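Each chain, letter by letter, is given below.
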Amino acid sequence: MAETATPAETAHVNRVRGARRSPAEHLADAFTSGSVPGTVTLTEIPYQAMVGLRVDRTSDAGARVAAVTGGLPAACGEVTGTGSVNTLWLGPTEFMVVAPEEAHDSLGGSLVSDLTTALGTDAGQVVDLSANRTTFELSGSHARAVLEKTCALDLHPRVFKAGTAVSTELAHIPVMLWKTSDESYRIFPRASFADFLGRWLLDAMREYASPEVP
Amino acid sequence: MLLISCPNCGPRDETEFHYGGQAHVAYPESPNDLTDREWAEYLFYRENTKGTFAERWVHSTGCRQWFNMLRDTVSYEIHSIYGMGQPRPNLSASAAAGTSAKSEPAQPGEFTQTGEFGQTEPGLAPGAPTTGAPISGSTAPTSSEGV
Ligand SMILES: [Zn+2]
């Protein structure tokens, strides 16, 4: 697919893209109206390419896979990669690669096939999980306050630093939580939980639209 | 709510974990030689310890890795967390007040089951008075450690 696509193939890809519905697409307007610019905003970043990896990062296969991803994280919380392709630590031998939509093989990229080739026949697995989760971006000076209503982890910046990601629970559902900058978080709920979590976050954000009561 | 220190992820709420039952239950060396009774005891019969208990947990919402834990079933105090495949730590060396070695009942109510698979008689409540088998005080190992 990465090579010369015929016009028919291109038309097919565009038709498939046009038919897709992201897990929180129906909440897009609510996310816009529920966001409080400068305080806390919520958006969905749909269709990111995601690949589940199982590999021993100290093995030869791990080194080959790391060459594709730009490193594999060594411990809980670590995120490797620079630029648009990042790898989150899920477990000692389990990782999740997150990349822009265009990195997916069906759209002219080669992320999945590159990883599959890198692993070869060695022990491990490369699984295209792009449709498994969607991405929410929660940003603003009160983003942490919204998350702290439900997250049991210590999200204070002295503990949870920008550039780290953990799997944990928000609103009693399992998510990956990635702090991308001092006031911005990316949340990865599974597709079937996106509606619930989106509405939950909107509800939690609502109070910040009103003036603070002294 | 227990706060459990995952060996990989650090302290997390109990809701991120799932319980895996008694630790160190060895798979029988020759399962084909067991009677139905012995097989059933291996599969289904577990200790019901009042006091320090070795059990398995998995960090299901986090790293999805299993580990072992020594936990007091009365106070819920977590004495030790150690890896799969590691032997049960001996707490007697560092025993604080109120904790003692496994072989000695820590509390009057603690009983240690006996028998090849950790059972005096199946189906009997602790202290049920029909067999001569000792309910407590016996220190026969109830399971293979280090599994
Ligand atoms: Zn863990």
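The text that follows walks through the structure, step by step, so that each part is easy to find. Just so we're clear, the structure is a prediction, and the values are computed from it rather than from any experiment.

Reading the values: the criteria
- Residues numbered from 1 in each chain as written.
- Chains lettered and ligands numbered in written order.
- Predicted model: local features only at pLDDT ≥ 70, side-chain atom pairs only at ≥ 80, totals over all residues.
- Heavy atoms only, no water.
- Helix = DSSP H or I, 4+ residues; strand = E, 2+ residues; numbered from the N terminus.
- Buried < 20%, exposed > 50% of the residue type's maximum accessible area, 1.4 Å probe, protein only.
- Areas by Shrake-Rupley, 256 points an atom, 1.4 Å probe, with all protein chains shown as cover.
- Donors = N, O, S within 2.8 Å, 3.2 Å for Na, K, Ca; no water.
- Contact = heavy atoms within 4.5 Å.
- Buried area = accessible area lost by both parts, 1.4 Å probe.
- Salt bridge = Lys/Arg side-chain N within 4 Å of Asp/Glu carboxyl O.
- Nonpolar A, V, L, I, M, F, W, Y, C, P; charged D, E, K, R; others polar.
- Pairing = 2+ DSSP bridges.
- Axes fitted to C-alpha atoms, helices over the stretch in contact; angles between N-to-C directions.

1. Overview of the overall build of chain B
Logical step 1: A count of helical and extended segments in chain B gives 1 helix and 6 strands.
Logical step 2: For chain B, the succession of helices and strands along the chain, N to C, is β-β-β-α-β-β-β.
Logical step 3: Across the 147 residues of chain B, 37% fall into the buried class.
Logical step 4: Total accessible area computed for chain B in this model is approximately 8100 Å², and 50% of it derives from carbon and sulfur atoms.

2. Let's talk about the coordination of the zinc ion
All names here are of chain B.
Logical step 1: Donor atoms from the polypeptide that coordinate the zinc ion comprise Cys6 (SG), Cys9 (SG), His59 (ND1) and Cys63 (SG), at 2.0 to 2.4 Å from the metal.
Logical step 2: Taken in chain order, the donor set of the zinc ion reads C-x2-C-x49-H-x3-C. Here Cys63 lies in the loop between β4 (52–58) and β5 (66–72) and Cys6 lies in strand β1 (residues 3–6), a separation of 57 residues in the sequence.
Logical step 3: Judged by its relative accessible area of 0%, Cys63 falls in the buried class.

3. Observations regarding the interface of chain B and chain A
Logical step 1: Contacts between the two partners involve 12 residues from chain B and, on the opposite side, 14 residues from chain A.
Logical step 2: For the chain B face of the interface with chain A, the top three residues by lost area are B:Arg12, B:Thr61 and B:Arg64, together amounting to 43%.
Logical step 3: At the boundary of chain B and chain A, one finds 1 salt bridge.
Logical step 4: Its residues assigned to classes, the side of chain B that touches chain A shows 3 nonpolar, 5 polar and 4 charged.

4. A few points about the sheet that holds strand β5 (residues 94–99) of chain A
All names here are of chain A.
Logical step 1: The strand order across the open sheet built from 5 strands is β3-β4-β5-β2-β6, with neighbouring strands paired in antiparallel fashion. Looking at which strands have only one partner, the edges of the open sheet turn out to be β3 (79–80) and β6 (125–128).
Logical step 2: Strands in contact with helix α4 (residues 111–119) are β2 (49–54), β5 and β6; relative to β6, the strand with the most contacts, it is inclined by about 170°.

5. Quick word on the pattern of salt bridges
When charged atoms on two side chains of opposite charge get close, those side chains can pair.
Logical step 1: Considering all chains together, one arrives at 14 salt bridges over all chains under this definition.
Logical step 2: Measuring nitrogen to oxygen at the nearest pair gives 2.5 Å for the salt bridge that ties B:Arg64 to A:Glu94. Linking B:Arg64 in the loop between β4 and β5 with A:Glu94 in strand β5, this pair reaches from one chain into another.
Logical step 3: Taking relative accessible area as the criterion, B:Arg64 reaches 46% and is therefore assigned partly exposed.

Shape is all these values report; function is a separate question.
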